[in-house]
Amino acid sequence: MKVWVLDDNKSFCNLISQFIREKGYEVFSFYDPSDLLEKLKKDSPDFVILDLKLPKINGIEVLRKIKEKDENIKVIVITAFGSIENAIEAIKNGAYYFLTKPFESEEIIILMQKAIEEEKLKIENIELKKKLKEKEEIEIIGESKAIKEALLLSEKVAPVDTTVLLIGESGTGKELFARKIHNESKRKGPFVPINCAAIPRELLENELFGSEKGAFTGAVARKIGKFEVANGGTIFLDEISELDFDLQAKLLRAIEFKEIERLGGIKPIKVDVRIIVATNKDLKKLVNEGKFREDLYYRISTFPIYLPPLRERKEDILILANYFLEKFKKAFNKKDLYFSEEVKKFFLEYSWPGNVRELENAIERASILADKEITLDSFQFPFREKRLEEIFSLPKGVPLKEAVEIFRKKIERYLIENALKETNGDKKKTAKILKISRKTLYKKLKELKIE
């Protein structure tokens with residue numbers, strides 16, 4: 001902490017300066033306000049102890065100039081000619097406190113310590129508000145048993161600094177869960193995500209652990225890695241299976257000893273980081289194949305959380321679809337948008353290989369294209385074409401005779417629904433397209449429960 005003392009009484013100024021210096025502060029003494037204002041052009045203190053009655057320039061004017069330079073400088077005004085009017089004027093112009101001589105030197109130290117604590121509290125409150133705001137933004141939608149189990153586990157592990165392994169296919173919300181765990185933890189540092197599959201392997205070490213100047217060709221300055229950036233917070237390593245063996249060993253050391261080493265560095269750096277990792281692959285299988293370190297696997301799999309694909313939480317599909325629809329209705333100012341019954345049915349029949357991310361992206365595009373009713377025409381052609389894959393999907397072990405009957409009904413439904421759509425529901429034209437009688441068509445509609 002840098003403290004400047006300005007008083008034209010040299011003996012008093014030196015006495016106060018010496019006392020503050022003995023308390024461990026860096027102190028500069030000034031007897032002339034012009035000297036202080038000149039130094040203020042190039043430098044800034046944390047505190048100024050300012051006498052109100054000065055030669056050449058009034059103390060209030062000096063106070064104004066200090067606050068103009070940097071309003072964060074704390075100014076403690078002192079004077080032998082104290083009055084309520086002087087105190088009010090000093091405080092109005094930004095003084096932190098007003099002291100009347102004589103006073104105990106210790107009072108200055110107490111006031112500075114109080115100001116430091118208040119500033120710390122102010123910063124903590126800003127961070128807390130920021131963290132609370134982030135918490136409000138993390139919303140995981142779903143009523144299925146599978147998603148509720150995942151949420152319960154995340155809530156249990158959040159307050160504990162245990163490493164968490166999130167397991168799930170792409171698009172199941174692994175980063176969303178990681179952010180939720182971080183936000184509900186006691187950590188005040190940042191949440192730092194990094195996708196291990198998105199960065200070339202030769203650059204990933206530099207990205208994670210940083211490097212010193214001259215560590216390799218092109219390293220013209222020191223680079224701070226993500227582990228140091230995340231100090232006091234959480235680092236989220238997505239696609240952990242993409243780490244090569246050397247980096248796996250360094251990650252293991254970071255977890256076990258809470259220290260990292262920059263490329264080209266000569267000493268380890270302590271880091272206080274909570275680690276959450278994610279994968280869409282079977283790590284145990286990779287261990288057995290010699291593609292992933294066994295010791296790292298056991299270290300990161302202490303607390304696994306399985307995030308189910310959308311096809312395993314069918315009851316959540318329409319809940320999520322309506323949530324995204326409301327989101328895009330507001331974003332695109334289209335308050336009258338709604339899903340057709342055909343679309344709702346399709347949502348429940350489709351396997352969603354891209355999971356929640358695919359559902360959201362599909363609805364975003366459809367919301368842009370549709371004016372009011374969102375139909376299957378509002379979706380991309382490749383997205384709709386995947387429906388054919390559903391026709392030929394069956395559970396394992398279905399007897400041949402039963403499978404043929406299931407396929408027959410699926411194919412008939414698909415052809416009839418497409419023909420009805422093409423004719424805008426005209427049964428006569430539909431029967432003609434399908435080359436069947438209207439009586440047969442009505443029979444099929446009843447049998448397949450097509451409205």
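Summary of the structure given here. (Residues numbered from 1 in each chain as written. Predicted model: local features only at pLDDT ≥ 70, side-chain atom pairs only at ≥ 80, totals over all residues. Heavy atoms only, no water.)

1. Things to note about the packing of aromatic side chains
The description of an aromatic ring pair uses the distance of the two centres, along with the angle that the planes make with each other.
Then comes step 1: Within the structure shown, the criterion is met by 12 aromatic pairs.
Then comes step 2: Considering the side-chain rings of F328 and F332, the 5.7 Å spacing of their centres and the 10 degrees angle between planes classify their relative orientation as stacked.
Then comes step 3: Given a relative accessible area of 4%, F328 falls into the buried group.
Then comes step 4: Just above the ring of F28 sits the side chain of K39; from NZ or CZ to the centre is 4.6 Å.
Then comes step 5: Above the plane of the ring of F12 lies K101, whose end atom (NZ or CZ) is 4.3 Å from the centre. (Phe/Tyr/Trp six-rings, centres within 6.5 Å; stacked < 30°, edge-to-face > 60°. Buried < 20%, exposed > 50% of the residue type's maximum accessible area, 1.4 Å probe, protein only. Lys NZ or Arg CZ within 6 Å of the ring centre and 35° of its normal.)

2. Some remarks on the environment of Y298
Then comes step 1: Residue placement: Y298 occurs in helix α12 (residues 294-300).
Then comes step 2: Here the alpha-carbon distance between Y298 and K284, two residues 14 residues apart in the chain, equals 9.4 Å.
Then comes step 3: At 2.8 Å, the side chain of Y298 and the side chain of K284 are in polar contact. (Helix = DSSP H or I, 4+ residues; strand = E, 2+ residues; numbered from the N terminus. Polar contact = N/O pair within 3.5 Å; in protein donor to acceptor, adjacent residues only side chain to side chain.)

3. Topic: the sheet that holds strand β6 (residues 164-167)
Then comes step 1: Pairing in this open sheet of 5 strands is parallel, and the strands run β7-β8-β11-β6-β12 from one edge to the other. The sheet is open, and its two borders are formed by β7 (191-195) and β12 (303-306), each paired with just one other strand. Taking the axes of each pair of neighbouring strands and ignoring which way they run, one obtains an average angle of 20 degrees across the sheet.
Then comes step 2: Taken together, the 4 bridges between β6 and strand β11 (residues 274-279) define a ladder with parallel strand orientation. Residue pairing in the sheet places L166 in a bridge with A278 of β11. (Pairing = 2+ DSSP bridges. Axes fitted to C-alpha atoms, helices over the stretch in contact; angles between N-to-C directions.)

4. Brief notes about the pattern of salt bridges
Then comes step 1: For the structure shown, the criterion picks out 36 salt bridges.
Then comes step 2: Across the pair E184 and K180 runs a salt bridge, and its minimum N-O distance is 2.7 Å.
Then comes step 3: Classification of K180 by relative accessible area gives buried; the value is 12%.
Then comes step 4: We note a salt bridge from R253 to E259, for which the minimum N-O separation is 2.6 Å.
Then comes step 5: Each member of the salt-bridge network shares a partner with another, and the members are E405, R408, E412, K444 and E447. (Salt bridge = Lys/Arg side-chain N within 4 Å of Asp/Glu carboxyl O.)

5. Focus: the nonpolar core
Then comes step 1: The biggest cluster of nonpolar side chains holds 30 residues, and the ones touching the most others in it are L208, F227, L237, I240, L251, I275 and F292.
Then comes step 2: Counting residues per element, the ones that place at least two in this core are β7, α8 (201-209), β8 (234-238), α10 (245-257), β11, α11 (283-288) and α12.
Then comes step 3: Per-element tally for this core: the top contributor is α10, with 5 residues.
Then comes step 4: Each residue touching L251, except ones within four places of it in the same chain, is listed here: F209, F227, L237, I240, L243, I275 and L296.
Then comes step 5: Within the second largest apolar cluster, 24 residues are counted, among which are A321, F339, W352 and L359. (Core = buried A, V, L, I, M, F, W, Y, C linked by side-chain atoms within 4.5 Å. Contact = heavy atoms within 4.5 Å.)

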